[in-house]
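Observations on the model geometry
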2 protein chains.
Amino acid sequence: MEEDILYHLDLGTRTHNLPAMFGDIKFVCVGGSPNRMKAFAQFMHKELGLEGSGEDLADICAGTDRYAMYRTGPVLSISHGMGIPSISIMLHELIKLLHHAKCRDVTIIRIGTSGGLGIEAGSVVITDTAVDASFQPRFEQVVLGDVVVRSTDLDRDLAEELLACSKEVPDFPTLIGHTMCTYDFYEGQGRLDGALCSFSSEKKLEYLKRAHEAGVRNIEMESTAFAAMCGLCGLKAAVVCVALLDRLEGDQIRAPREVLREYQQRPQRLIAAFIRRPLPCDYMSVPLSFT
Amino acid sequence: MEEDILYHLDLGTRTHNLPAMFGDIKFVCVGGSPNRMKAFAQFMHKELGLEGSGEDLADICAGTDRYAMYRTGPVLSISHGMGIPSISIMLHELIKLLHHAKCRDVTIIRIGTSGGLGIEAGSVVITDTAVDASFQPRFEQVVLGDVVVRSTDLDRDLAEELLACSKEVPDFPTLIGHTMCTYDFYEGQGRLDGALCSFSSEKKLEYLKRAHEAGVRNIEMESTAFAAMCGLCGLKAAVVCVALLDRLEGDQIRAPREVLREYQQRPQRLIAAFIRRPLPCDYMSVPLSFT
């Protein structure tokens, strides 16, 4: 291709010098909410000891409101909206961006929110396997009208490394478990409080308990597609989500906003501990190379 | 339920007086991009001849960045992000909102962007039937792990009425046709330019031509779920999307931003002509009742 337009990121190979802008990126963190991904970039800026407050980090995708993107040091922080189709569009264009920018040895981590299953609200789940609504480790992608089944394996070593890092942030529980990914927040996750509901409270609990017995510890809406695409493209990938509630106890997210805000910082703090640890050089002492 | 928290809209039955805020809404317009839905509300404000410039319309969902919502007169304008899961969450909470607010006789219209099929870029397609990637008029919803098949019928009379209105905005082509809805923008729509592609240019064209023969005139990512949910909840619904390109001629969206911006205004202009027409009283002459 003579020119590649990354339409939903408002970037392109002819309009932007992608190797200069992104060539030294080593960590890509993705999450649903644009505000949260901006806050994460600002937080990482401080954690890495880079110059300035980080308050003025610019949205690299400012020309579009489909996604928001921030960078600080070797870290890229991008929003992906909600659900598999939304994260898929972003990942296609992000993976092409990393390719055009000639990035090497990139680790990609989804930091998100989820509903917990038999775990305390505020717990952080590191995904070992992403499963679908039938608890199977697979992602069904429709290609030209036909279903193609893809593996949803994630990097086991990376998950273990993240769990080890969680010891450094000991004020909340962190565990490894399966993550169930659905296409719908209400009926698809067995909620009784949507605009449509055709099942009983008993059927709901029976389903959620079966999921728990199959090893599912939290439920969200992007992990199978994320694991499948990153796996096929050779990216080392992890999913780290906080549980906003325990779905065995209810459907509605009732915690006060400030409690939810603190919960959402937990995966960020864990990832900061991870990013600060394994870098080949100490970014804390050479901040200028990334400002 | 004692209290209903519409979490992703940051609204609730205890924290907000929903009948006072929304009880007189008659038209709900939804679209992917928050900026575009803000621009649409401002445009409708002018079109309805309401007081003030409309520049300062406030985002009703300002407490969250998941969706944006604006109202002007009897019109509510809401963003839904990209893809079926994202629009589904919004529709569940919107339909509960309309219920709690005791709204009556609401018409809901999705105004979006799409890829055209055998039609000129800039054409506006009014959907008669939303079909899936196998060209079938159905939406498969997974409920508690089982697939439930739902009808994707839209209101035929409303589609015809919209086509009649298009005569009032004659500077672009408008047509009625099937709209194909996919879970993916790249592989799912037969694009060759994604990060992953496992098929040839010939296979792609063969698929798109089969879609065209089945009556598909444009492709987007929300219409089947939108039609199914609105149908089940008794909302009169329409889908009106502009084609940003003709997919029989290419995959990348290459038109200049200003051309694309004008294209995106076309469904808005058509809907404005529609909303101004069938109201029981003339909002143009009684602007104060909605300011």
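Preceding this paragraph is the structure being described.
The present account deals with the structure reproduced in this document. Remember, it's a predicted structure, so these values are computed and weren't measured experimentally.

Considerations on the pattern of salt bridges
- What the rule picks out here adds up to 40 salt bridges over all chains.
- Note that E3(B) and R254(A) form a salt bridge whose closest N and O atoms lie 3.3 Å from each other. You can see E3(B) sitting in the segment before β1 (5-6) and its partner R254(A) sitting in the loop between β12 (236-246) and α7 (257-276), one on each of two chains.
- We classify R254(A) as partly exposed; its relative accessible area is 46%.
- As a salt-bridge pair, E140(B) and R138(B) come within 3.9 Å of each other at their nearest N and O atoms.
- Assessed through its relative accessible area of 39%, E140(B) is described here as partly exposed.
- According to the relative accessible area criterion, R138(B) is partly exposed, its value standing at 29%.

What to know about helix α2 (residues 34-47) of chain A
Residues and elements named next belong to chain A.
- With 14 residues, α2 ought to run about 20 Å at 1.5 Å a step, and its terminal C-alpha atoms sit 20 Å apart, in line with that.
- All buried positions along α2 are accounted for by R36, M37, F40, A41, Q42, M44 and H45.
- For α2, the elements touching its buried residues are β3 (27-31), β4 (69-72), β5 (75-79), β6 (107-116) and α7.
- In this structure S33 caps α2, since a side-chain oxygen of it lies 3.4 Å from the backbone nitrogen of N35.
- Backbone geometry just after α2 places G49 at a positive phi near 70 degrees.

Here's the deal with the packing of helix α2 (residues 34-47) of chain B against helix α7 (residues 257-276) of chain B
All names here are of chain B.
- Across the interface, α2 lies against α7 with an axial gap of 10 Å and an inter-helix angle of 40 degrees. What the angle tells us is that α2 and α7 run oblique. Seen from above, α2 lies across α7 with right-handed handedness. Note on element contacts: α7 touches α2 through Q264, Q268, R269, I271, A272, I275 and R276, opposite R36, A39, F40, F43, M44 and E47.
- The residue inventory of the contact of α2 with α7, partitioned by class, reads seven nonpolar, two polar and four charged.

Definitions and cut-offs
Residues numbered from 1 in each chain as written. Chains lettered and ligands numbered in written order. Predicted model: local features only at pLDDT ≥ 70, side-chain atom pairs only at ≥ 80, totals over all residues. Heavy atoms only, no water. Salt bridge = Lys/Arg side-chain N within 4 Å of Asp/Glu carboxyl O. Helix = DSSP H or I, 4+ residues; strand = E, 2+ residues; numbered from the N terminus. Buried < 20%, exposed > 50% of the residue type's maximum accessible area, 1.4 Å probe, protein only. Expected span 1.5 Å × (residues − 1). Contact = heavy atoms within 4.5 Å. Polar contact = N/O pair within 3.5 Å; in protein donor to acceptor, adjacent residues only side chain to side chain. Axes fitted to C-alpha atoms, helices over the stretch in contact; angles between N-to-C directions. Parallel < 35°, antiparallel > 145°, perpendicular 65-115°, else oblique. Left-handed = near helix turned anticlockwise from the far one by under 90°. Nonpolar A, V, L, I, M, F, W, Y, C, P; charged D, E, K, R; others polar.

Function cannot be read off these values alone, since they describe shape.
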